[in-house]
Amino acid sequence: MSLSTENNVSQKALDDDLFTLSPRHPDSRLEADWLFLFNKLPPDQWFSADYAYKTSGWLKVHTNIRKRQRILTQISEGYQSGDYDWSAYRSQMLKRINMHVLKLHQHHGVEDEGFFPEFIRMYPQLQAGFEILGRDHLRLDALLDKLQVQNDMLARSEVEDKGLSEQLHQTLMDGTDLLSQHLTDEEDLVIPILGLRQG
Ligand SMILES: [Fe+2]
Ligand SMILES: [Fe+2]
């Protein structure tokens, strides 16, 4: 190989590097091979007029999930640091947790049974990526079941039970990181599919 060819090669590698986008968080589990659609439709275009009508529904559902998780965490932290008494804490938590658990289970069901199989049929090369997301759902659903059991205990606990509130807080904490990683990886995989498909 001549020196000039070598230079060309490294220049090309440099150019490729420059235009290779990274998934949106450093802990992304998406492999570079799965990002061919993401590179065609990167996040800064998701809300542009050409795509928003196809992508914003999914993103909005995720925004609401993140918001519910954040509010629950804030209430739980508020109680732990003495901002709420037991009855205010309970009345804030009970309905919100019931709603959060219900909505998330439904959301996972729709994805597992409808969307993910459809996307795998469209792009079989993304199957391993969707399997990661499906396994996340199993782990998240287990945490949601735990949260529901603890919430049912909360509903019966008219007398303050600090131990229960700490367990509940821990379950919420365990869910936050997993949920955030899951939603972001899912968006990086799914939103370009939605945006780029016809119709
Ligand atoms: Fe999901
Ligand atoms: Fe989702």
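Cut-offs applied
Residues numbered from 1 in each chain as written. Chains lettered and ligands numbered in written order. Predicted model: local features only at pLDDT ≥ 70, side-chain atom pairs only at ≥ 80, totals over all residues. Heavy atoms only, no water. Helix = DSSP H or I, 4+ residues; strand = E, 2+ residues; numbered from the N terminus. Expected span 1.5 Å × (residues − 1). Bend = angle between axes of the 7 residues up to and from the residue. Donors = N, O, S within 2.8 Å, 3.2 Å for Na, K, Ca; no water. Buried < 20%, exposed > 50% of the residue type's maximum accessible area, 1.4 Å probe, protein only. Tetrahedral: all angles 85-135°; square planar, octahedral: opposite > 155°, others 65-115°. Salt bridge = Lys/Arg side-chain N within 4 Å of Asp/Glu carboxyl O. Contact = heavy atoms within 4.5 Å. Axes fitted to C-alpha atoms, helices over the stretch in contact; angles between N-to-C directions. Parallel < 35°, antiparallel > 145°, perpendicular 65-115°, else oblique. Left-handed = near helix turned anticlockwise from the far one by under 90°. Nonpolar A, V, L, I, M, F, W, Y, C, P; charged D, E, K, R; others polar.

An unreviewed UniProt entry lists the protein chain under the name Hemerythrin-like domain-containing protein, with Psychrobacter luti as the source organism.

Spacing of three or four residues puts side chains on the same side of an α-helix, whose turn is 3.6 residues. Spanning 37 residues, helix α4 (residues 86-122) covers 51 Å between terminal C-alpha atoms, matching the ideal 54 Å at 1.5 Å per step. For α4, the principal kink sits at E111 and spans about 40 degrees.

Our focus in this paragraph is the coordination of the iron ion (ligand 2). Of the protein atoms, only H62 (NE2), H107 (NE2), E111 (OE) and E186 (OE) coordinate the iron ion (ligand 2), at distances of 2.0 to 2.1 Å. Look at where the donors of the iron ion (ligand 2) fall in the sequence and you get H-x44-H-x3-E-x74-E. Between the iron ion (ligand 2) and the iron ion (ligand 1), a separation of 3.4 Å is found, and both are coordinated by E111. Taken together, the residues E111 in helix α4 and E186 in helix α6 (residues 162-196) connect sequence positions 75 residues apart. Since its relative accessible area comes to 0%, E186 is described here as buried.

Let us look at the coordination of the iron ion (ligand 1). For a metal with four tetrahedral donors the ideal donor-metal-donor angle is 109.5 degrees, whereas six octahedral donors ideally subtend 90 or 180 degrees. Only E111 (OE), H137 (NE2), H182 (NE2) and E186 (OE) from the protein reach the iron ion (ligand 1) as donors, at distances of 2.0 to 2.2 Å. Coordination at the iron ion (ligand 1) is irregular, judged from the 4 donor atoms that bind it and the angles of 85 to 171 degrees they form at the metal. Read in sequence order, the donor residues for the iron ion (ligand 1) give the motif E-x25-H-x44-H-x3-E.

The tally for this structure, following the rule as stated, stands at 4 salt bridges. The shortest N-O distance in the salt bridge between E118 and R197 comes to 2.9 Å. Of this pair, E118 sits in helix α4 while R197 sits in the segment after α6, and the two are 79 residues apart along the sequence. Judged by relative accessible area, which is 26%, R197 ranks as partly exposed. Each member of the salt-bridge network shares a partner with another, and the members are R29, D136 and D185.

Here we come to the side chain of S165. Among the secondary structure elements, S165 is positioned in helix α6. The contacts of S165, once residues within four sequence positions are left out, are Y79, Q80, W86 and Y89.

Moving on: the environment of Y51. Along the polypeptide, Y51 turns up in the loop between α2 (36-40) and α3 (52-80). Sequence separation of Y51 and G195 is 144 residues, and the distance between their C-alpha atoms is 5.2 Å. Each residue touching Y51, except ones within four places of it in the same chain, is listed here: L41, Q45, W46, G195 and L196.

Where α3 meets α4, the axes come as close as 10 Å, and the angle between the chain directions of the two elements is 150 degrees. As far as their axial angle goes, α4 and α3 are roughly antiparallel. Considering how the two elements wind past one another, α3 and α4 form a crossing that is left-handed. Of the residues assigned to the contact of α3 with α4, the class counts are 16 nonpolar, 6 polar and 4 charged.

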